[in-house]
There are 2 protein chains.
Amino acid sequence: MSMSPLIDELVAAFRCLPGVGQKSALRMALYLLERDREGGTKLSGALSRAMVDVKRCQQCQTFTEAELCGICASDRRDPKTVCVVETPSDLQAIEQMGLYEGTYFVLMGHLSPLEGIGPEEIGIDRFCKLIDKNECTEVILATNPTVEGEATAHFIADMVKSRNVLLTRLAHGIPVGGELGYSDGSTISHAFQGRRPFA
Amino acid sequence: MSMSPLIDELVAAFRCLPGVGQKSALRMALYLLERDREGGTKLSGALSRAMVDVKRCQQCQTFTEAELCGICASDRRDPKTVCVVETPSDLQAIEQMGLYEGTYFVLMGHLSPLEGIGPEEIGIDRFCKLIDKNECTEVILATNPTVEGEATAHFIADMVKSRNVLLTRLAHGIPVGGELGYSDGSTISHAFQGRRPFA
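This structure is a prediction, so every number in the text was calculated from the model and none was measured. (Residues numbered from 1 in each chain as written. Chains lettered and ligands numbered in written order. Predicted model: local features only at pLDDT ≥ 70, side-chain atom pairs only at ≥ 80, totals over all residues. Heavy atoms only, no water.)

Colleague: If you had to explain the interface of chain B and chain A to someone new, which residues and values would you point to?
Modeller: In this assembly, 50 residues from chain B lie in contact with 50 residues from chain A. Three residues stand out in chain B for area buried against chain A, namely L6(B), M51(B) and F63(B), and they jointly supply 14% of the buried area on that side. Inspection of the chain B/chain A interface yields 2 salt bridges. Between R49(B) and E9(A) there is a salt bridge; the shortest N-O distance is 2.3 Å. Secondary structure elements with two or more residues in the side of chain B that touches chain A: α1 (5-14), α2 (22-35), α3 (37-53), β2 (63-64) and α5 (88-97) of chain B. Top element by residues in the side of chain B that touches chain A is α3(B). It accounts for 14 residues. By residue class, the composition of the side of chain B that touches chain A is 27 nonpolar, 13 polar and 10 charged. (Contact = heavy atoms within 4.5 Å. Buried area = accessible area lost by both parts, 1.4 Å probe. Salt bridge = Lys/Arg side-chain N within 4 Å of Asp/Glu carboxyl O. Helix = DSSP H or I, 4+ residues; strand = E, 2+ residues; numbered from the N terminus. Nonpolar A, V, L, I, M, F, W, Y, C, P; charged D, E, K, R; others polar.)

In structure tokens:
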């Protein structure tokens, strides 16, 4: 089903995007060619700049093109409270809430010995230096509630334990707007164990 | 929810793609940054080349970077049979069937007086010149079975009528694998009117 070498190349290139198969890739390519060449050119420029220039924040490891990301560089964020997340999108999800005023540390993954991802790969030594340097008072473990995420949280907890730092973990429970009948047993048991006085 | 100017720009740029909202755009940007910078760079190159170099085929109006598209340039396609479609993706859908050996004419739209799209915009004069030049024997009207598509088909039929050309239209009917109970009345009435001797 080849169209022309250039269009075929563009369709193939679109398939590197997550969740984009042959049909969506073809649709995207034809859409841009037909209706939005300007948008396509802008996307090309934004992509090439971002792929080259976006590095990691020197402090929290999240993506940024500057030396420090906006949050680490801000003087309105409390450097004594650090929230540990797995990925920049987890960070985004917490930022979206708009309530958190501390800083972050982005592991860019989780411990996974089978895939050769150990403490060094997720920057645990850098994290320890950071909490010592900033004299942190609280570390919020916000890794995902998966096997690997829990293991990573436990590992970090062990590293931090010896320091005089409050360790907290995000609460598990019934999601707001969720229904008990559709929640799994493990979630309900966490919700039960974590029940709180009704205000 | 800004991350860094470059990443924000990339996310905004991804939103020009069809079916991509804020969440998918963010996911795409972070995915490429995290796991496939090479793919992102390739996509950027393919995009910029395609947006600049892809033009229309001189003969059938479909997208190509050459003067003639692969089908028009091929000597294995019958130039005396022309299938009229609305878009390059319609052309692709027919090519996928792998049975058609004629050529195409791509209108790049349909007649739509309200949007200011008249016969000139969809290249009807070029189409008439083409069928005269190639001494066409059959014109297959494969515009979509929508109000505008039908109107466009009728308009082309009127233009071609005076010539000694067989005019055909794709059959309407129950889709293969479809169920009668889920078909709309108009489709069933077409299927009834177009019923054929059972071989």
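Don't stop here, the text continues.
Colleague: I'd like a rundown of the relation of the copies chain B and chain A, residues and numbers included.
Modeller: For the pair of chain copies, the relating transformation is a rotation about an axis with a translation along it. Expressed as a screw operation, the relation of chain B to chain A combines 0.1 Å of axial shift with a rotation of 180 degrees, fitting to an RMSD of 0.1 Å. In short, the pair behaves as if placed about a two-fold rotation axis. Ranked by how close their C-alpha atoms come to the rotation axis, the residues of chain B are headed by S44(B), at 2.1 Å. Interface overlap between copies: 100% of the residues of chain B at the interface are likewise at the interface in chain A, consistent with a symmetric, same-surface contact. (Least-squares fit on C-alpha atoms with pLDDT ≥ 70 in both.)

Colleague: Give a description of the packing of aromatic side chains that names residues and reports values.
Modeller: Per the counting criterion, the structure on display carries 4 aromatic pairs over all chains. Seen in terms of ring centroids, F105(A) and F127(A) are 5.1 Å apart; in terms of plane orientation they differ by 50 degrees. Their pairing is tilted. Taken together, the residues F105(A) in strand β4 (residues 102-106) and F127(A) in helix α6 (residues 124-133) connect sequence positions 22 residues apart. Classification of F105(A) by relative accessible area gives buried; the value is 0%. Plain terms: the ring middles of Y100(B) and Y104(B) are 5.2 Å apart, the flat faces sit at 65 degrees to each other, and that makes the pair edge-to-face. The burial state of Y100(B) is the same as that of Y104(B); both residues are buried. (Phe/Tyr/Trp six-rings, centres within 6.5 Å; stacked < 30°, edge-to-face > 60°. Buried < 20%, exposed > 50% of the residue type's maximum accessible area, 1.4 Å probe, protein only.)

Colleague: Can you explain the sheet that holds strand β4 (residues 102-106) of chain B? Please cite residues and give values.
Modeller: Residues and elements named next belong to chain B. Spatially, the 4 strands line up as an open sheet ordered β4-β3-β5-β6, and their pairing is parallel. Strands at the two margins of the open sheet, each flanked by one partner only, are β4 and β6 (166-169). Between one strand axis and the next, the sheet turns through 25 degrees on average, direction left out of account. Here 4 bridges tie strand β5 (residues 138-141) to β6, and the two strands are oriented parallel to one another. When the bridges of β6 are listed, E138 appears paired with L166. Strands in contact with α5 are β3 (78-85) and β4; relative to β4, the strand with the most contacts, it is inclined by about 160 degrees. (Pairing = 2+ DSSP bridges. Axes fitted to C-alpha atoms, helices over the stretch in contact; angles between N-to-C directions.)

Colleague: Go over the UniProt feature "zinc finger region: C4-type" (unreviewed entry) in chain A, please, and point to the residues and values.
Modeller: In the numbering adopted here, UniProt assigns the feature "zinc finger region: C4-type" (unreviewed entry) to residues 57-72 of chain A. Helix makes up 19% of residues 57-72 of chain A and strand 12%, with an end-to-end C-alpha separation of 8 Å. (UniProt positions renumbered as here; feature names shortened; annotations may be inferred.)

Colleague: Talk me through the domain arrangement of chain A; I want residue IDs and the actual numbers.
Modeller: Split into domains, chain A comes out as domain 1 (5-53) and domain 2 (69-169). For domain 1 of chain A and domain 2 of chain A, the distance between their C-alpha centres works out to 35 Å. (Domains from an automatic or database assignment.)

Colleague: Which residues make up helix α6 (residues 124-133) of chain B, and what values do they have?
Modeller: Residue and element names in this part refer to chain B. Every buried residue belonging to α6 is among I124, F127, C128, L130 and I131, and all of these are buried. Buried residues of α6, seen end-on, are gathered within an arc of 160 degrees and therefore sit on one face of the element. Those residues of α6 that are exposed and angled more than 90 degrees off the buried face are K129 and K133. Within two residues after α6, E135 carries a phi angle of roughly 50 degrees, on the positive side. (Arc of directions from axis to C-beta.)

Colleague: Please give an account of the environment of V82(A) that cites residues and values.
Modeller: All names here are of chain A. Along the chain, V82 falls in strand β3 (residues 78-85). Given the relative accessible area of 0%, V82 is considered buried. C-alpha separation for the pair V82 and C72, spaced 10 residues apart in sequence, amounts to 11 Å. Those residues within four positions of V82 in sequence are excluded, and the remaining contacts are Y100, T103, Y104, F105, F127, I131, C136, E138, V139 and I140.

Colleague: Tell me what's going on with the UniProt feature "domain: Toprim" (unreviewed entry) in chain A, and back it up with residues and numbers.
Modeller: UniProt's feature table lists "domain: Toprim" (unreviewed entry) at residues 80-175 of chain A, given in the numbering used throughout. Counted over residues 80-175 of chain A, helix gives 36% and strand 20%. Its end C-alpha atoms are 29 Å apart.

Colleague: Tell me about the nonpolar core, residues and numbers included.
Modeller: Formed by 78 residues in total, the largest nonpolar core has its most connected members in F14(A), L17(A), F14(B) and L17(B). Setting aside residues no more than four positions away along its own chain, L17(B) makes contact with F14(A), L17(A), M28(A), L32(A) and L43(A). (Core = buried A, V, L, I, M, F, W, Y, C linked by side-chain atoms within 4.5 Å.)

Colleague: Describe in detail the sheet that holds β3(A), supporting the description with residues and values.
Modeller: All names here are of chain A. Taken in spatial order, the 4 strands make up an open sheet running β4-β3-β5-β6, and their pairing is parallel. At either end of the open sheet lies a strand with only one pairing partner, and these are β4 and β6 (166-169). Strand after strand, the sheet turns through a mean of 25 degrees between neighbouring axes, direction not considered. As paired elements, β3 and β4 share 5 bridges and run parallel to each other. Across the sheet, the residue bridging to V84 is F105, located in β4. The sheet strands contacting helix α5 (residues 88-97) are β3 and β4, and the helix crosses β4 at an angle near 160 degrees. The sheet strands contacting helix α7 (residues 147-161) are β3, β5 (138-141) and β6, and the helix crosses β6 at an angle near 170 degrees.

Colleague: Break down the pairing of β3(A) for me, citing the residues and quoting the values.
Modeller: Within a regular strand, the side chains alternate between the two sheet faces. Residues and elements named next belong to chain A. Handedness of the crossover joining β3 and β4 through α5: right-handed. Where β3 meets β5, 4 bridges bridge the pair, whose relative direction is parallel. Across the sheet, C83 pairs through a bridge with I140, a residue of β5. (Right-handed = clockwise from strand over helix to strand, strands pointing away.)

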